[in-house]
Amino acid sequence: MFNELDFKKIDLTKDAPVEETQRQYYYIAKARGMIAQECTKEGRTFTYCLKTFGCQMNEKQSEVVAGIMDEMGYKRQDTEDADVVIYNTCTVRENANLKVYGRLGRLHNLKNKNPNMKIVLFGCMMQEAHVVEKIKKDYPFVNLVFGTHNIFKFAELYSEMLLEEKQLIDIWDGTDKIVEELPTERNYTFKSGVNIMFGCNNFCSYCIVPYVRGRERSREPEAILTEIKSLVADGVSEVMLLGQNVNSYGKTLENPISFAQLLTEVEKIEGLKRIRFMTSHPKDLSDELIEVMANSKKICHHLHLPMQSGSSRVLKEMNRRYDKEKYLNLVEKIRTAIPDISLTTDIIVGFPGETEEDFLETLDVVEKSDFDTAFTFIYSKRSGTPAAKMEDQIPEDVVKDRFDRLLSLVQQKGRVVSSRFEGTVQEVLVEEESKEKGIFTGRTQYNLLVHFPACPEMLGKYVNVKLNTCKGFYYLGELQDN
Ligand code: SAH
Ligand code: SF4
Ligand code: F3S
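A.B. asks: Help me out: how do you make sense of the overall build of the chain in this one?
C.D. replies: If you tally the helices and strands in the chain, you get 14 helices and 19 strands. For 482 residues, the compact-globule formula gives about 23 Å, and the C-alpha radius of gyration of the chain, at 24 Å, lands near that figure. Taken over the C-alpha atoms alone, the chain extends approximately 65 × 60 × 50 Å along its principal axes. The buried share of the chain, taken over its 482 residues, is 54%. Counting only carbon and sulfur atoms, one obtains 50% of the accessible surface of the chain, whose full area is about 22300 Å².

A.B. asks: Which parts of the structure should I look at to understand the sheet that holds strand 3 (residues 84-89)?
C.D. replies: In a beta sheet, neighbouring strands are held together by backbone hydrogen bonds and run either parallel or antiparallel to one another. The parallel open sheet is built from 6 strands, whose spatial order is 2-1-3-4-5-6. Two strands lie at the open edges of the sheet, namely strand 2 (75-76) and strand 6 (168-170), each paired on one side alone. Here strand 1 (residues 47-52) runs beside strand 3; their pairing, made up of 5 bridges, is parallel. Residue pairing for strand 3: Y48 is matched across the bridge by V84.

A.B. asks: Where do I start with the environment of K324 in this structure?
C.D. replies: When you line up the elements, K324 lands in helix 12 (residues 324-337). C-alpha of K324 to C-alpha of S309: the two residues are 15 residues apart in sequence and 8.1 Å apart in space. When neighbours within four sequence positions are excluded, K324 is seen to be in contact with G310, S312, L315, E361, D364 and V365. Of the polar contacts made by the side chain of K324, one reaches the side chain of E361; its length is 2.5 Å.

A.B. asks: Would you mind going over unusual backbone geometry with me for this structure?
C.D. replies: Leaving glycine aside, a negative phi is the common case for residues, and trans is the common case for peptide bonds. Backbone torsion omega between M278 and T279 reads 10 degrees, so that peptide bond is classified as cis. Of note, T279 is situated in the loop between strand 11 (274-278) and helix 10 (287-295). Positive phi values are uncommon outside glycine, yet D392 reaches one of about 70 degrees. The residue D392 is located in the loop between strand 14 (373-378) and helix 14 (396-418) in this model.

A.B. asks: Looking at this structure, how should I read the sheet that holds strand 15 (residues 425-433)?
C.D. replies: Read around the barrel, 5 strands follow the order 15-16-17-19-18 and close on themselves; strand pairing throughout is mixed. Looking at each pair of strands side by side, their axes are set apart by 50 degrees on average, direction ignored. Strand direction decides the pairing type here: strand 16 (residues 439-443) and strand 17 (residues 449-453), joined by 5 bridges, are antiparallel. Across the sheet, the residue bridging to F440 is F452, located in strand 17.

A.B. asks: Can you walk me through the site of ligand 2 in this structure?
C.D. replies: Around ligand 2, the neighbouring residues are C200, N202, F203, C204, Y206, C207, V209, P210, Q244, H281 and R320. For the shell around ligand 2, the per-class residue count stands at 7 nonpolar, 3 polar and 1 charged.

A.B. asks: Whenever I open this one, the nonpolar core confuses me. Can you help?
C.D. replies: If you look at soluble globular proteins, the nonpolar side chains tend to sit buried side by side. I228, L241, F259 and F277 are the most contacted members of the largest nonpolar core, which has 68 residues in total. Residues contacting F259, with those up to four places away along its chain left out, are I196, L241, V246, N247, Y249, F277 and L289. Grouped together as the second largest cluster of nonpolar side chains are 35 residues, F7, C39, I68 and L157 included.

A.B. asks: Would you take a moment to explain the site of ligand 3 for this structure?
C.D. replies: Close to ligand 3 lie G54, C55, N58, C90, T91, V92, C124, R213 and Q244. Classifying every residue of the shell around ligand 3 gives 4 nonpolar, 4 polar and 1 charged.

A.B. asks: Even after reading the chapter, I still don't get the pattern of salt bridges, so can you show me in this structure?
C.D. replies: Two side chains bearing opposite charge may form a pair once their charged atoms approach each other closely. According to the stated counting rule, one finds 40 salt bridges in the structure shown. E164 is the salt-bridge partner of K166, the closest N and O atoms lying 3.8 Å from each other. With relative accessibility at 60%, the residue K166 sits in the exposed group. Given the relative accessible area of 27%, E164 is considered partly exposed. Measuring nitrogen to oxygen at the nearest pair gives 2.7 Å for the salt bridge that ties D287 to K333. With D287 in helix 10 and K333 in helix 12, this residue pair connects regions lying 46 residues apart in the sequence. What makes K333 partly exposed here is its relative accessible area of 40%. Residues joined in a network through salt bridges with shared partners are E20, R23, K153, E156 and K177.

A.B. asks: Would you mind going over the environment of L242 with me for this structure?
C.D. replies: Looking at the secondary structure, you find L242 in strand 10 (residues 238-242). For the pair formed by L242 and I169, sequence separation is 73 residues and the distance between their alpha carbons is 28 Å. Sequence-distant contacts of L242, defined by excluding residues within four places in its chain, comprise Q56, M57, K60, G193, V194, N195, I196, M197 and M278.

A.B. asks: Can you walk me through the pairing of strand 18 (residues 462-470) in this structure?
C.D. replies: Side-chain direction in a regular strand flips from residue to residue, so the side chains alternate between the two faces of the sheet. Relative to strand 18, strand 15 is paired through 5 bridges, and the arrangement is antiparallel. Bridging from a neighbouring strand, L429 pairs with Y462 of strand 18. Bridging between strand 18 and strand 19 (residues 474-479) involves 5 bridges; their strand directions are antiparallel. Of the residues in strand 19, the one forming a bridge with K466 is E478. What sits between the antiparallel neighbours strand 18 and strand 19 is a turn of 3 residues, in which G472 has the positive phi angle 100 degrees.

About the thresholds
- Here the residue index of a chain counts from 1 through its sequence in written order.
- Think of it this way: whatever chain is written first is A, whatever ligand is written first is 1, and the rest follow in order.
- The predicted nature of this model means local features are confined to residues of pLDDT at least 70 and side-chain atom pairs, given and counted, to a pLDDT of 80 or more, with totals for whole chains, interfaces and linings taken over all residues.
- Excluding hydrogens and water, the side-chain values take into account all heavy atoms of the structure.
- A run of DSSP states H or I qualifies as a helix once it reaches four residues; a run of E qualifies as a strand once it reaches two. Both are numbered from the N-terminal end.
- The atom set for the radius of gyration is the C-alpha atoms, and the globule formula is 2.2 Å times the number of residues raised to the power 0.38.
- Note on exposure labels: buried denotes an accessible area under 20% of the residue type's maximum, exposed denotes more than 50%, and partly exposed covers the range between, all computed with a 1.4 Å probe on protein chains only.
- Residue-level accessible areas treat just the shown protein chains as cover; the underlying method is Shrake-Rupley with a 1.4 Å probe.
- At least two DSSP bridges between two strands are required for those strands to pair.
- Whether two residues are in contact is decided by their heavy atoms, any of which lying within 4.5 Å being enough.
- Residues adjacent in sequence count toward polar contacts only when both atoms are side-chain atoms; beyond that, a polar contact is any pair of N or O atoms within 3.5 Å, and within protein one must be able to donate a hydrogen and the other to accept it.
- With axes taken as lines fitted to C-alpha atoms, and helix axes fitted only over the stretch in contact, angles between N-to-C directions fall between 0 and 180 degrees.
- Only heavy atoms are used to decide nearness, and a residue is near a molecule or strand if one of them lies within 4 Å of it.
- Classification convention: Asp, Glu, Lys, Arg as charged; Ala, Val, Leu, Ile, Met, Phe, Trp, Tyr, Cys, Pro as nonpolar; all other residues, Gly among them, as polar.
- Buried residues of nine kinds, namely Ala, Val, Leu, Ile, Met, Phe, Trp, Tyr and Cys, make up a nonpolar core once their side-chain atoms join them within 4.5 Å.
- Should a side-chain nitrogen of Lys or Arg be within 4 Å of a carboxyl oxygen of Asp or Glu, the pair is scored as a salt bridge.

Coordinates in, geometry out; function isn't part of it.
In structure tokens, the structure reads:
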């Protein structure tokens, strides 16, 4: 990361450099100067509030935006009564969009009180033309809008916005660029997400992600390994490799490499203790990956394997490219190779045309698969996706009834499945202090949470904890002699 001296070395009288990373540092230095002047005038430090909606990809990209805001001289705060409010948006389901519109309404009142307040929106939702139209029309007080493909341009766009009165909008249709080494403010010191690929090529018929994130692009393995090594040098011991379909990692690289091969390389990094990844698409999960997982000392025995539906007919309509039998066989194969694996999944109910029989197939897979947790979603129509045009959208009351039945089975099964560790001692990574003072939360390799009395010095460390009582998806425990 840059220090004060490095920023002074940037000559702002010259044009911005063309090389992208240097170019962004140039704009950080430029904004930094403008902001410092304003702060001196007002005799205080300016603040920003950054809220992230959606998945871990968004979390990871927000860390870059936060890193840049910090370098520009802002101080982060949790509440939205700040000088700058930034939302990183998600559009995977209608609810995600409604949340942002609701918050924008409230921000308008805050901005009336503080007209110098800046409002910035970016991320997946902004890649949709109808959203941008609505923002132009109904929310003219928003200062800056950009999408998912030009996040690396944030410093440049932000500097431009500081000099603009008008709403600044910059949405790209796609990019083949992957810009490395921008400033980052990590949410945790001891664990971190690491993007291994961007975008998605799968076009599941209900899903908006391929349209807002663009085509699948894998990062070069060397860049990934260098990032992880530098994270480890910085105190990180657990990484989560991120991609919409990590199992197809590396296929389009000039020198193709499989995800399992990448994992083997990551495993070799000294000082790294735990490796996680998500998401695994069942259609591409290879025997090679199962073998690498089974033999690894670092890859956590947890696999998130979204099934979406248990009905082969619905899976076909969803364009998932596997059927019920293949999914169940895969689960069995994984359990045979890794008997203590913890499996979690995603399920959608109410996909267009889903019949009661289809839904019973979903319940059947849940019954047979012994998931620790399943994330259940009501189908949400996303305009522009093939499923949005399908006839036979399911009435709300039918979907609600199925959703309740599914949730009740998932919870009932989850309680039994996750209690399999009750009474055992497990190594956990201590992640945070809970709301109750003196009680800390740790995570087992199986991704199960445990709350136990401990002290702040243990944060970020691995300790042995006895899992006394299972409370569904978390345990109450106590420290063992460490
Ligand atoms: N790439 C991942 C999923 C990313 S989106 C995968 O393929 O597994 C996370 C989850 O959101 C999906 O697994 C799906 O269950 C849910 N989801 C996506 N689109 C949805 C929609 N239109 N309605 C309801 N749930 C949806
Ligand atoms: Fe969406 Fe399917 Fe891609 Fe996952 S794999 S992001 S569900 S299109
Ligand atoms: Fe949402 Fe975009 Fe992730 S739509 S789920 S934030 S990829």
